[in-house]
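Reading the structure
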Amino acid sequence: MFQLLGQFTTRAIYPILVIWVLALVVTHFTAPDLRDVVTDGEFAFLPETSLSRQAERLYSEAFPQSEIEGDDNDRSVQQDPLGSNVVIVISREDREEGLGEDDFTFVNEYLLPGLQEIALKTSVGYDVIPLAEADAELPPEERVVQAIWTRDDSRFGPMLDSGDGKSTLIVLELSLELYDRQNQLLLGRIESLLESDEVMKNKPLFLGLALSGSATVGRDMLQADTESSSRTDMATKILVVILLLAIYRAPLLAVVPLATVGLSVTMTMCLLRIFAGQGWVGLFNGLHVYVTVVVYGLGVDFCLFLIARYKEELDRGGTYQEAMARSVKHVGVALATSAATSCIGIGMLAFTEFGKFQQAGIAISFGIIVALCCALTFTPAFLVLLGRWVFWPDMRQEKLSAEEGWIPSGNLGTLWSSQRLLDQFWDRVSRLLHARPATVFFSVIAILLPLAVVAVVKYRDLSYGLLTDLPSDRPSVIGARAVQEHFPAGVAGPTTVLVIMDEPMEATSSRPGATEDLAEQVSQSIIDRKQELGIADVRSQADPFGITEQAVEYYQSRPGAFRTVMRTQAFNTYVSTEGDYERRAFRFDFVLNEDPFSRESITRINQLEAAIKETLYRKLILLGLETEEGVDASEGVTVVELSEVNAAAKAGLTIGDVILSVGEDDVSTAEQLDEIIQRSPPGESIGLTVLRDGERQEINISPGSVQNSVEVWLLGSTASIRDLQTVTDADQIRIYVLVSISVCIVLVTLLRKLSICVFLIVSVVFSFLVAWGTTYLTFWAIYGEDFEGLDWKVPIYLFTLLLALGEDYNILLLSRVKEEQEQHGTIGGILVALRKTGGIISSCGVIMAGTLASLMSGTLMGLVQLGFALSYGVLLDTFVIRPIIVPAWLLILNTGRLGPLGIWLGAERVIVPGPMEKASDGSINAVHEPELK
């Protein structure tokens, strides 16, 4: 097939080039704009079955009043967990007493009116009309800003002043989620207001203004994504040009691979945009970065191998067309196999749950296919079209002979000197391996093993923080620091807990505030453990302002009428009054001491969730249970009222029952009953002995019956990050297994030796661990205590790409080993193949590492870490694992050092070492095949 393809590409030069150019033009003009088909953010790519996504759906059904409703601040909603917010941090550090009247006057007279105008004129949509020319006022349903909360608001204000009096917050509640691009217009207008002449002229001296909030974080992440994509694209092209010129020193010869990969990437992205517009594939913002670096790296590798073979065929003599036809014939299978291995390995990402990984797997694999097609058609046609000019300034004859050689006489004979230096280097390595394969093998393993151990030990140290991924000069990072100086770190992103009962909590004559009692009991149980749980504040129906000192003082200082109104508003805010969820769904807001985007906050909400479930387990047994002492104290307590939500009622308790004991503890008073149940272990069943109609009966309340009575859901930024961790942890294991098995199957199909293929997989996994450990230590050394671990995306991309790309080099090496063994024997074939492929694999590795290193030019820390890890991993693979570890192992197997075990591990035959034959030029031409042992 590839023989026919080679003949076709050298005969139909102009049609092939015209078809590619026309295809590029057509796809470019028919593809939709990338912004119209990409999805932003991280949490939008969580599977629909993830707990936070389910919690968001339940919340929107139970609390529809938190959606757009009515006018400005007519709602007592603390923060809508389904939307986002912009927080303006106002602070003063120069006075011990903090903010003064002049500061508040400035806020009310100059800052707040501007914010209100922005809120009224910023619409939901890509409205780019200048604020001064915008409509006077938009209807509420079209506004991005749904409410503005300040310290002067009677319902929300007490929570916006810091305890030290040095800072206050203005919160703009938005209808859009934090990654929505439409927030950018709003934030741009707010920043313009803060920097306007009127504000700057009237701002009191030394008064600090900063932007924070989830929407600000989302905006900065999107901008950093865009900047990273642009910088990486430019850096990739520059690095490829520099590396190609350094290797070839022939401008046009460097242009050929660059044109190939440029065409491939552009075609890939245009086609993906078309497919996304049709709904066939999904695209995320920043996908272009991954497609660019991988396709550039592999595409240049394809071109290098083709050009290297083109060189060999020209050395043998013949016209440029004949040499190219033979080149395509000989390397076509290897390139196709290499591309197939990469596509299969990277394509396994499509089986992950996290949407970004799925889309990356599909897009990158598709890009590799396009690059392969381009390298096998466009590149040969382009090279033949350029003819001898491709080697300028080293001009060549139309037809070369083998005797004349590749390097002509003259002062330009240094064209391939760098390649010769690499060949000489690998020639020396091959001699060392032939003499001491076991010593080299185990020495290299011993040197690298500690780095692999670091990766295993630090396996769980991953960073899921959004702020830690951003540069320190971004507004959201500066604003977060300003907030954390005066407020708990979690104030920017409270965790909302949604409690849903299976029966509504109806008020009774004896318990008119049943829902408030539940809120108070749950809140108090958490307040009692707030130090242990890392909780800074709790807001609920019982404590709508929270439990901070200033909030409690404010509430207690208000008149009774105010408290009555607030109790009603708190009920509407924290208790569902809608449809099937009426009096069944309850909301609690918890502010953590930690940054809501940090790994520590995930641990905290896990503890919080367990504590709430533990509390509810006990409370539901007593909830709505009214008792009175029996006829005499020894007869226990009599049930006089019982709510349907009571877990004991669901287990069979009825009004009129006399509770005699709980487990082995006798009960004589209601207080004693409460105390015994409160101290009962939450995971164990509780047995009640009751007297009913003069007969003793046993009622068993199991944890399952309680769990079936109530659901606990968490939502908010931290809950979404927890799901991100859960999903991606599962995806990592899935990918490790799928990629390893799929690539191993490909290798077995090609090499027919399972044990050798398993070793090749293990060798790449080893290089992955070494690269991971090295990257971890490098960034830990750079950032010290501020280093929170590698970005969560690094391990899965590092493993997938290294395994897929590393096995490409394995295939190219071992296919050449097989070819050379036919002429030079088992040992000689390994050594000659190493000498002939070591240089080209190293060159490909340098270019691949260079393209991957371009990721480090981005502004996101995750991309910087990934770029370092990938480039280091590729260099390690192409300079150590592939040309040293693998040949050393093959020599150990095939020189009889492992005895009979060698046969089971893939040796050709058990043989003893023999002498090497040395050619007159010092290179290895043949090796005397040793006798059988």
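A brief structural summary. (Residues numbered from 1 in each chain as written. Predicted model: local features only at pLDDT ≥ 70, side-chain atom pairs only at ≥ 80, totals over all residues. Heavy atoms only, no water.)

**Observations regarding the overall build of the chain**
- Helix and strand content of the chain: 28 helices and 22 strands.
- A burial count over the chain gives 58% of its 933 residues as buried.
- Contacts spanning at least 24 positions in sequence make up 75% of the contacts within the chain whose residues lie at least 6 apart.
- About 37500 Å² of surface is accessible on the chain, with carbon and sulfur atoms providing 56% of the total. (Helix = DSSP H or I, 4+ residues; strand = E, 2+ residues; numbered from the N terminus. Buried < 20%, exposed > 50% of the residue type's maximum accessible area, 1.4 Å probe, protein only. Contact = heavy atoms within 4.5 Å. Areas by Shrake-Rupley, 256 points an atom, 1.4 Å probe, with all protein chains shown as cover.)

**Observations regarding the pairing of strand β19 (residues 710-715)**
- Counting buried residues in β19 gives five out of six residues, a clear majority hidden from the surface.
- Bridge count between strand β10 (residues 495-501) and β19: six bridges; the pairing is antiparallel. Following the sheet pairing, I500 is matched in β19 by E711. (Pairing = 2+ DSSP bridges.)

**Points about the side chain of D301**
- Relative to the helices and strands, D301 resides in helix α10 (residues 287-315).
- Nearest to the buried, unbridged D301 among oppositely charged side chains is R882, at 11 Å.
- Beyond its immediate stretch of four places on either side in the chain, D301 contacts Y809, C844 and M848. (Lys, Arg positive; Asp, Glu negative; His and termini not counted. Salt bridge = Lys/Arg side-chain N within 4 Å of Asp/Glu carboxyl O.)

**Considering the sheet that holds β19**
- Read across the open sheet, the four strands follow the order β11-β12-β10-β19; overall the sheet is antiparallel. One side of each edge strand has no neighbouring strand; the edge strands of this open sheet are β11 (535-539) and β19. The sheet shows a mean angle of 25 degrees between the axes of neighbouring strands, taken without regard to direction.
- Contacts from helix α4 (residues 51-62) reach β10, β12 (585-592) and β19, with the element oriented near 105 degrees to β19. (Axes fitted to C-alpha atoms, helices over the stretch in contact; angles between N-to-C directions.)

**Here's the deal with the packing of aromatic side chains**
- Evaluated as defined, the whole model comprises 28 aromatic pairs.
- Between Y59 and F63, the ring centres sit 5.2 Å apart and the planes meet at 25 degrees, which makes this aromatic pair stacked.
- Look at F63 and you get buried, because its relative accessible area is 1%.
- Three or more aromatic residues link up through ring pairs in this structure, and these residues are F45, F284, Y290, F354, F357, Y464, W792 and Y797.
- Directly above the aromatic system of F104 lies the positively charged group of R151, at a separation of 3.9 Å from the ring centroid. (Phe/Tyr/Trp six-rings, centres within 6.5 Å; stacked < 30°, edge-to-face > 60°. Lys NZ or Arg CZ within 6 Å of the ring centre and 35° of its normal.)

**Notes on a nonpolar patch on the surface**
- Side chains of I733, V737, I741 and I745 sit close together on the surface and give an oily, nonpolar patch of about 370 Å² of accessible area.
- One can find I733 in helix α24 (residues 717-751).
- For I733, a relative accessible area of 51% translates into the label exposed. (Patch = residues over 30% accessible without salt bridge, like charges linked within 9 Å, V, L, I, M, F, W, Y side chains within 5 Å.)

**Some words on the pattern of salt bridges**
- Under the defined criterion, the tally for this structure stands at 34 salt bridges.
- Taking the shortest distance from any N to any O, the salt bridge between R92 and D103 comes out at 2.8 Å. Of this pair, R92 sits in strand β2 (residues 84-92) while D103 sits in helix α5 (residues 101-121), and the two are 11 residues apart along the sequence. Like D103, R92 is buried.

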